[in-house]
Number of protein chains: 4
Amino acid sequence: MKVMIDLCVVPIGVGVSLSEYIVECERVLQAAGLKTELHAHGTNVEGEWDEVFAAVKACHEAVHAKGAPRITTTIKVGTRVDREQTMAEKVASVKDRL
Amino acid sequence: MKVMIDLCVVPIGVGVSLSEYIVECERVLQAAGLKTELHAHGTNVEGEWDEVFAAVKACHEAVHAKGAPRITTTIKVGTRVDREQTMAEKVASVKDRL
Amino acid sequence: MKVMIDLCVVPIGVGVSLSEYIVECERVLQAAGLKTELHAHGTNVEGEWDEVFAAVKACHEAVHAKGAPRITTTIKVGTRVDREQTMAEKVASVKDRL
Amino acid sequence: MKVMIDLCVVPIGVGVSLSEYIVECERVLQAAGLKTELHAHGTNVEGEWDEVFAAVKACHEAVHAKGAPRITTTIKVGTRVDREQTMAEKVASVKDRL
């Protein structure tokens, strides 16, 4: 099953600047070979369900390993069985009508 | 790794009444033996990471199998390595101060 | 327009224990006279749109005033124009089928 | 108070293709003169709190007016009082380290 997610990892208890932890996540996602798009409130990721969620778990492990005692993450998850659709197509279907 | 999630599954393309699909998810979570708390915008679930996310995948599969062509889900995910904390303790830590 | 929201306020840069900030939000919501239900990943609130979102803004102001330099909040927002539905009815429509 | 939000509006009860409703929201946000960035799971918006949330309400009204009986929306909300930061700076602080 293909999945598109929007991943927003927020480490807690490491002060106010979070970007080095987000960088750690980006590296985990890239190392997993997943297609990603970073934006101002998260990272869109697409791929097979099991690979994508294995990478999400690896992000939590990496951010804890880097020193964050606590993490709160928000994930939006989209699946569809009527047809295939990429992240780029999803954005284009809106932009084409604007 | 223990995890606490808040799972909100929204089937798309099945009309305006979604409760039978939510019921399907609740059954999947219960069949997985996970501790759950239903509320007005989702279901809190706690357990081991792999078991919890296997159940989330099973929810998507069950809701598609029931006829939903498309699903958009929101998951909040909490992990902490400084100490163990249950959902009940998390709620109590706020209620005790009110 | 009536609205049901699920509000999850996460102060950043104040250490790992967040409950005193959540308590502050609960007080703001109660002072606004809104109907609320606390759960392990947030607080469900129902009311008129303008009152509910005024209270959300007041929560951000109160949590900053209490010392949090940064806040990341997640809000789920439900509106419907086909019929009225309370939070309690929404939960009951699932529980009755289980 | 400045705010950065990530807005994801999901109309329910209008079938499986949602892009025309998302287009409606984009037009509302643009008409409000807000700075926006569309991505595969939502739209990032920045501006003054009251203007941004007035636009979110106008999105719900516009999507209902276009025929959606029910809407479920997810909003991530970021505020900070320690310093100003734009959406572009937030993305750059991660990309510069990759």
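The rules behind each value
- Residues numbered from 1 in each chain as written.
- Chains lettered and ligands numbered in written order.
- Predicted model: local features only at pLDDT ≥ 70, side-chain atom pairs only at ≥ 80, totals over all residues.
- Heavy atoms only, no water.
- Helix = DSSP H or I, 4+ residues; strand = E, 2+ residues; numbered from the N terminus.
- Buried < 20%, exposed > 50% of the residue type's maximum accessible area, 1.4 Å probe, protein only.
- Areas by Shrake-Rupley, 256 points an atom, 1.4 Å probe, with all protein chains shown as cover.
- Lys, Arg positive; Asp, Glu negative; His and termini not counted.
- Charge placed at Lys NZ, Arg CZ, Asp CG, Glu CD.
- Pairing = 2+ DSSP bridges.
- Axes fitted to C-alpha atoms, helices over the stretch in contact; angles between N-to-C directions.
- Contact = heavy atoms within 4.5 Å.
- Buried area = accessible area lost by both parts, 1.4 Å probe.
- Salt bridge = Lys/Arg side-chain N within 4 Å of Asp/Glu carboxyl O.
- Polar contact = N/O pair within 3.5 Å; in protein donor to acceptor, adjacent residues only side chain to side chain.
- Least-squares fit on C-alpha atoms with pLDDT ≥ 70 in both.

Enquirer: How would you sum up the overall build of chain A? Please name residues and give values.
Expert: Per the secondary structure count, chain A includes 3 helices and 4 strands. Its helices and strands in sequence order give chain A the pattern β-α-β-β-α-β-α, from N to C terminus. For chain A, the spread of C-alpha atoms along the three principal axes comes to 40 × 30 × 20 Å. Counting only residues that meet the buried cut, chain A has 58% of its 98 residues in that class. Here chain A has roughly 3900 Å² of accessible surface; of this, 47% comes from carbon and sulfur atoms. Between the centroid of the 12 positive side chains of chain A and the centroid of its 14 negative side chains there is a distance of 5 Å.

Enquirer: How would you sum up the sheet that holds strand S1 (residues 2-12) of chain C? Please name residues and give values.
Expert: Overall, antiparallel pairing links the 8 strands, which are arranged S2(C)-S3(C)-S1(C)-S4(C)-S4(D)-S1(D)-S3(D)-S2(D) in an open sheet. Because the sheet does not close on itself, it has two edges, and the strands there are strand S2 (35-39) of chain C together with strand S2 (35-39) of chain D. Taking each pair of neighbouring strands and ignoring which way they run, the sheet shows an average axis angle of 20 degrees. Contacting strand S1 (2-12), S2 and strand S3 (42-48) of chain D, helix H1 (residues 19-31) of chain D runs over the sheet at an angle of about 150 degrees to S1 of chain D.

Enquirer: So what's going on with the environment of Ala-40 of chain D? Which residues, and what values?
Expert: Note that Ala-40 of chain D resides in the loop between S2 and S3. Along the chain, Ala-40 of chain D and Cys-8 of chain D lie 32 residues apart, while their C-alpha atoms are 9.7 Å from each other. Residues within four places of Ala-40 of chain D in sequence aside, it is in contact with Asn-44, Met-87, Lys-90 and Val-91 of chain A.

Enquirer: Tell me about the interface of chain D and chain A, and name the residues and values.
Expert: The interface is formed by 30 residues belonging to chain D together with 30 residues belonging to chain A. Its largest share of buried area at the contact with chain A, chain D owes to His-41, Lys-76 and Arg-97 of chain D, together 25% of the area lost on that side. In this assembly, chain D and chain A are joined by 2 salt bridges. A salt bridge links Lys-76 of chain D to Asp-6 of chain A; its shortest N-O distance comes to 3.8 Å. Inspection of the region where chain D meets chain A yields 14 residue pairs in polar contact (both at pLDDT 80 or more). At the level of elements, S1, H1, S2, strand S4 (70-80) and helix H3 (87-95) of chain D are the ones that each hand at least two residues to the side of chain D that touches chain A. Of all the elements, H1 of chain D adds the most residues to the side of chain D that touches chain A, at 7 residues.

Enquirer: So what's going on with the sheet that holds strand S2 (residues 35-39) of chain B? Which residues, and what values?
Expert: An order of S2(A)-S3(A)-S1(A)-S4(A)-S4(B)-S1(B)-S3(B)-S2(B) is seen for the 8 strands of this open sheet, with the pairing classed as antiparallel. Two strands in the sheet have a free side with no partner beyond their single neighbour: strand S2 (35-39) of chain A together with S2 of chain B. The sheet shows a mean angle of 20 degrees between the axes of neighbouring strands, direction not considered. Two elements, strand S1 (residues 2-12) of chain B and strand S4 (residues 70-80) of chain B, share 9 bridges in a ladder whose sense is antiparallel. In the strand pairing of S4 of chain B, Leu-7 of chain B is matched with Ile-75 of chain B.

Enquirer: Could you give an account of the relation of the copies chain A and chain C, naming the residues involved and the relevant values?
Expert: The operation relating chain A to chain C is a screw motion whose rotation component is 180 degrees, with 0.0 Å of axial translation and a residual RMSD of 0.0 Å. These values place the two chain copies in the arrangement generated by a two-fold rotation axis. Most of the interface of chain A is mirrored in chain C, where 100% of its interface residues are also at the interface.

Enquirer: Now, about the relation of the copies chain D and chain A: what can you tell me, with residues and values included?
Expert: Overlaying chain D with chain A gives an RMSD of 0.0 Å, the required rotation being 180 degrees about an axis along which the chain moves by 0.0 Å. Taken as a fraction of all interface residues of chain D, those also at the interface in chain A reach 100%, which identifies the copy contact as same-surface.

Enquirer: A description of the interface of chain A and chain C should follow, citing residues and the corresponding values.
Expert: Listed by partner, the interface residues are 10 residues for chain A and 10 residues for chain C. In total, about 770 Å² of surface goes out of reach between chain A and chain C, with carbon and sulfur atoms giving 72% of it. Contact with chain C buries area across many residues of chain A, yet Ile-12, Val-16 and Arg-70 of chain A alone supply 47% of it, more than any other trio. Taken together, chain A and chain C are joined by 0 salt bridges. Remark: the boundary between chain A and chain C carries 2 residue pairs in polar contact (both at pLDDT 80 or more). Listed by contribution, the elements that provide at least two residues to the side of chain A that touches chain C are strand S1 (2-12) and strand S4 (70-80) of chain A. Per-element tally for the side of chain A that touches chain C: the top contributor is S4 of chain A, with 3 residues.

Enquirer: Could you give an account of the pairing of strand S3 (residues 42-48) of chain A, with specific residues and numbers?
Expert: Residue and element names in this part refer to chain A. Here S3 lies mainly inside the structure; 6 of its 7 residues are buried. Relative to S3, S1 is paired through 6 bridges, and the arrangement is antiparallel. Following the sheet pairing, Asp-6 is matched in S3 by Asn-44. The sheet contact formed by S2 and S3 spans 5 bridges and is antiparallel. Bridge pairing in S3 links Lys-35 to Glu-46. Connecting S2 to the next strand, S3, in antiparallel fashion are 2 residues.

Enquirer: Give me the lowdown on the pattern of salt bridges, citing residues and values where you can.
Expert: On inspection of all chains with the given rule, the structure shows 25 salt bridges over all chains. Put simply, Lys-66 of chain D and Glu-20 of chain D hold a salt bridge, and the shortest N to O gap is 3.8 Å. Of this pair, Lys-66 of chain D sits in the loop between helix H2 (49-65) and S4 while Glu-20 of chain D sits in helix H1, and the two are 46 residues apart along the sequence. A relative accessible area of 34% means that Lys-66 of chain D is categorised as partly exposed. Through salt bridges that share partners, Asp-6 and Lys-76 of chain A together with Asp-6 and Lys-76 of chain D make up one connected network.

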